[in-house]
Amino acid sequence: MLSKVENIVSKSEMLFMERGVTINREITQNKENHFLVKVNSIQTGEIVRGFDGSTHWEKNKSSIRELNNEDKISFLNEFAFMRFADWEKNLIGYTYLGIDTLEGRKFHCLAVKTIYGVDEKWYFNTIDFLLEYTTESIEMTQGNITVITKLEDYKEVDGIKHAFSRSIKMGDRNRKITFNSIMHNQNIDEKLFEKPFNE
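Note that the structure is predicted; figures quoted are calculated from it, not measured.

Basis of the calculations
Residues numbered from 1 in each chain as written. Predicted model: local features only at pLDDT ≥ 70, side-chain atom pairs only at ≥ 80, totals over all residues. Heavy atoms only, no water. Helix = DSSP H or I, 4+ residues; strand = E, 2+ residues; numbered from the N terminus. Buried < 20%, exposed > 50% of the residue type's maximum accessible area, 1.4 Å probe, protein only. Pairing = 2+ DSSP bridges. Salt bridge = Lys/Arg side-chain N within 4 Å of Asp/Glu carboxyl O. Polar contact = N/O pair within 3.5 Å; in protein donor to acceptor, adjacent residues only side chain to side chain. Contact = heavy atoms within 4.5 Å. 1 Å grid on protein atoms, 1.4 Å probe; cavity = no way out; pocket = protein on both sides within 12 Å on 5 of 7 lines; lining within 4 Å. Points joined across faces, edges and corners; volume = space filled by probe spheres on them. Nonpolar A, V, L, I, M, F, W, Y, C, P; charged D, E, K, R; others polar.

## So, unusual backbone geometry
Its identity as a non-glycine residue notwithstanding, Phe 129 has a phi of 65°, on the positive side. With respect to the helices, strands and loops of the structure, Phe 129 is situated in the loop between strand S9 (119-125) and strand S10 (131-140). Residue classification places Phe 129 among the exposed residues on the basis of a relative accessible area of 52%. One non-glycine residue, Asp 153, lies in the positive phi region at around 55°. The topology assignment puts Asp 153 in strand S11 (residues 143-157).

See the structure below:
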């Protein structure tokens, strides 16, 4: 089933819980790890980020720019194609750490390193073995913090289970992502991922 998925198009809402701000997101990804992320809100207007295999760019209401390598690595890791389901293509390696406890529950835990050099821990349900949490340590201005992502509300799309809800804790910041739709193998023009010209 995984081998038949050429691309994914999803629509979701991300709630910034502290501010009560919601942004709408539309994400297009293909198996070559090219992606386009459109976000839109009253506060920000439309912001688009894309990657065509070489150039990582951003377009907002006033400018078009290329993004630095640090931003590129972060986005490529986050939007790696089928990064959890097709994990063999997205990991350099992993180590089984045994049973570990997170937020008062026990999970099978893996320490993984992604193809983009990011170290994470993945926590799998001990009954159905679905991935329920990921954690990652990131450096912020106030020091290192652990980002905890909870995946839930799994639904099948063409026989593949996707988490339709994600909750993200970043220190004192909280995000909630709710997917309205996830679709496979849509008609996509490759030019969609290319950096647009300045108008």
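Next comes the rest of the account.
## Quick look at the pairing of strand S5 (residues 56-59)
Across four bridges, strand S4 (residues 45-51) lies against S5 in antiparallel orientation. In the sheet register, Gly 50 faces S5, and the bridge partner there is Trp 57. Connecting S4 to the antiparallel partner S5 that follows it, the hairpin turn spans four residues, and Gly 53 within it adopts a positive phi of roughly 110°. Where S5 lies against strand S6 (residues 64-66), three bridges are found, and the strand directions are antiparallel. From the neighbouring strand, Lys 59 faces S6, where its bridge partner is Ile 64. Hairpin connection from S5 to S6: four residues lie between these consecutive antiparallel strands.

## Some remarks on the pattern of salt bridges
A complete count under the given rule lists 13 salt bridges for this structure. For Glu 18, the salt bridge is made with Arg 175, and the minimal N-O distance between the two is 3.3 Å. Of this pair, Glu 18 sits in the loop between strand S1 (7-16) and strand S2 (21-30) while Arg 175 is found in strand S13 (residues 173-184), placing the two residues 157 residues apart along the sequence. A residue is classified by how much of its surface remains accessible, and Glu 18, at 41% relative accessible area, is partly exposed. For Glu 66, the salt bridge goes to Lys 195, with nearest N and O atoms at 3.5 Å.

## Description of the side chain of Ser 165
Relative to the helices and strands, Ser 165 is located in strand S12 (residues 160-170). A polar atom in the side chain of Ser 165 sits 2.9 Å from the side chain of Lys 176. With residues up to four places along the chain from it excluded, the contact list for Ser 165 reads Lys 150, Leu 151, Glu 152, Asp 153, Lys 176, Ile 177 and Phe 179.

## Examining empty space enclosed by the protein
Overall, the coordinates contain one cavity of 30 Å³ or more when judged by the stated rule. In this structure, the largest cavity occupies an estimated 30 Å³ of space. The wall of the largest cavity is formed by Asn 77, Ala 80, Arg 83, Asn 90, Leu 91, Thr 114, Ile 115, Tyr 116 and Trp 122. When the residues that make up the lining of the largest cavity are grouped by side-chain class, the tally is five nonpolar, three polar and one charged.

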